[in-house]
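Chain by chain, the residues run as shown.
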Amino acid sequence: MIGAVPQTLASHGWWIVSRSSGIVAFVLVTISVFLGLAMAGRPVRGPAFTRTMRALHEQTALAALIAIGVHGLAILADPWLQPGLAGVAIPFEIGLHRFAIGLGIVAAYLALLLGVSFYFRRRIGPRLWRQAHRATIAVYVLGLVHALGAGSDTGSPLFLAWAVGSAIPISVLFVYRLGASRRSAERRLGNGHRGAVVDSV
Amino acid sequence: MTAPRPKAVVIGSLALFAVLFVLLTFQLSAKATSGSAGHGKATAKSQPAAVEAKPEPEEPVAEYAEPEYVEPEPEPEEIPPVVTSSS
């Protein structure tokens, strides 16, 4: 069987490469988003924990960007699909699975934009960057819809388990984070109001 | 501007991608190969072959039929002309 693997790779190589890189990209995006949300929720405090989580978050995000790039290139080179540069680069241009693939392309651009912005966050401004970085959840959601709508492995029980199994904790963390931001905003407003009262006295 | 990121981050990310990618590619290829050997229809077969060979136009093969033997009709015997002598 192992001997026949190169033969399969030779006949369906680009397709297999696009599938594996797509799955790797989705898995890494999931882990990265999960770590980001977990960090923002601050379930555990401490410099060592934060440093480790931040390093893991950054590495998985970078690896996901590499996987997304390989995924796009493999689809571009697929002689059966023949999407053309426009089909891979312009959302909703390709005929096959137009909506799902279009969302995948949007997710890829968003991931690239948000990923690269991390290295320019001081220039952008930490507050603005943090607000923009909250859109990362959209990369995960769009990637999930893209994978379920256009992926060749949506019927795989392992893939479905990963998709459903990751959606639950990510949703919980996202809701928790929204609540935390609201509480923090209210606290800030409350402090501001108190400050205003003190100032007026 | 942020401090330059250590090379370790980039190398670590590349390594992480490479390990997952190689493992999954091998796994998908092996699955496709075993599928084609076992059931005749591989997972890979759901995508048609990359370059489909156009089938050569086949000439219609006429069914060979034994020709019926038709007995030739006997030629009419020549009747010698009756020569009448006129005197």
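Residues numbered from 1 in each chain as written. Chains lettered and ligands numbered in written order. Predicted model: local features only at pLDDT ≥ 70, side-chain atom pairs only at ≥ 80, totals over all residues.

Visitor: What should I look at first to understand the overall build of chain B in this one?
Guide: A count of helical and extended segments in chain B gives one helix and zero strands. Classification of the 87 residues of chain B by burial places 14% in the buried group. (Helix = DSSP H or I, 4+ residues; strand = E, 2+ residues; numbered from the N terminus. Buried ≥ 20, exposed ≤ 12 C-beta atoms within 10 Å, placed from the backbone.)

Visitor: Could you clarify how one ought to interpret the overall build of chain A in this entry?
Guide: The number of helices and strands found in chain A is eight helices and zero strands. Its helices and strands taken in sequence order, chain A reads α-α-α-α-α-α-α-α from the N to the C terminus. Each of the 201 residues in chain A was classed as buried or not, and the buried ones make up 30%. Restricting to contacts in chain A with at least 6 residues of sequence separation, those with at least 24 account for 71%. (Contact = placed C-beta atoms within 7 Å.)

Visitor: Just to check I follow, could you spell out the confidence of the model for chain A for this structure?
Guide: Detailed reading of the predicted coordinates is not advisable wherever pLDDT is low. Residues and elements named next belong to chain A. On average, residues of chain A score 85 in pLDDT, and 87% of them are at 70 or above. The secondary structure element of chain A with the lowest average pLDDT is helix α8 (residues 157-200), at 78, and the one with the highest is helix α4 (residues 98-117), at 94. Overall, residues 197-201 carries pLDDT values under 50, and its contacts beyond four positions in sequence, including any with other chains, amount to zero contacts. (pLDDT = per-residue confidence, 0-100.)

Visitor: Mind showing me how you'd approach the confidence of the model for chain B here?
Guide: Residue and element names in this part refer to chain B. For chain B, per-residue confidence averages 63 on the pLDDT scale, and residues scoring 70 or more make up 33% of the total. Taken as a whole, residues 37-45 scores under 50 in pLDDT and shows 14 contacts with residues more than four places along the chain or in a different chain. Segment residues 50-63 is flagged for pLDDT under 50; beyond a separation of four residues in sequence, or across chains, it makes four contacts in the model. Prediction confidence for the complex, expressed as pTM and ipTM, is 0.73 and 0.73 respectively.

Visitor: What am I meant to see in the nonpolar core here?
Guide: When a protein is soluble and globular, its nonpolar side chains tend to lie buried together. One finds Val 24, Ala 25, Val 29, Ala 63, Ala 64, Ala 67 and Ala 111 of chain A to be the most contacted residues of the largest nonpolar core, which totals 44 residues. Elements with a minimum of two residues in this core: α1 (5-41), α2 (47-77), α4, α7 (136-150) and α8 of chain A together with α1 (7-39) of chain B. It is α1 of chain A that contributes the most residues to this core, 11 residues altogether. Discounting chain neighbours no more than four positions away, the residues touching Val 24 of chain A are Ala 67 of chain A together with Phe 17, Leu 20, Phe 21 and Leu 24 of chain B. (Core = buried A, V, L, I, M, F, W, Y, C linked by C-beta atoms within 7 Å.)

Visitor: Just checking my understanding: could you explain the packing of α2 of chain A against α4 of chain A for this structure?
Guide: Two numbers describe a pair of packed helices, the interaxial angle and the distance between the axes. Residues and elements named next belong to chain A. Relative orientation of the contacting elements α2 and α4 amounts to 145°, with a least axis distance of 10 Å. For α2 against α4, the interelement crossing comes out left-handed. Of α4, the residues touching α2 (which contributes Ala 61, Ala 64, Leu 65, Ile 68 and Gly 72) are Ala 108, Ala 111, Leu 112 and Gly 115. Taken together, the residues of the contact of α2 with α4 sort by class into seven nonpolar, two polar and no charged. (Axes fitted to C-alpha atoms, helices over the stretch in contact; angles between N-to-C directions. Left-handed = near helix turned anticlockwise from the far one by under 90°. Nonpolar A, V, L, I, M, F, W, Y, C, P; charged D, E, K, R; others polar.)

Visitor: Hey, could you run me through the packing of α4 of chain A against α7 of chain A in this one?
Guide: Residue and element names in this part refer to chain A. Packing of α4 against α7 leaves a shortest axis separation of 8 Å and a crossing angle of 150°. With respect to each other, α4 and α7 are oriented roughly antiparallel. In the crossing of α4 with α7, the sense of the turn from one axis to the other is left-handed. On α7, the residues touching Phe 99, Ala 100, Ile 101, Leu 103, Gly 104, Val 106, Ala 107, Leu 110, Ala 111 and Leu 114 of α4 are Thr 136, Ala 138, Val 139, Leu 142, Gly 143, Val 145, His 146, Gly 149 and Ala 150. (Parallel < 35°, antiparallel > 145°, perpendicular 65-115°, else oblique.)

Visitor: Explanation requested: unusual backbone geometry in the structure shown.
Guide: A negative phi angle is the norm for most residues apart from glycine, just as the trans form is the norm for most peptide bonds. All names here are of chain A. Despite not being glycine, Phe 92 shows a phi value in the positive range, around 60°. Here Phe 92 shows up in the loop between α3 (84-89) and α4. One non-glycine residue, His 97, adopts positive backbone phi at about 45°. By secondary structure assignment, the location of His 97 is in the loop between α3 and α4. By C-beta crowding, His 97 is classed as partly exposed, having 14 other C-beta atoms within 10 Å.

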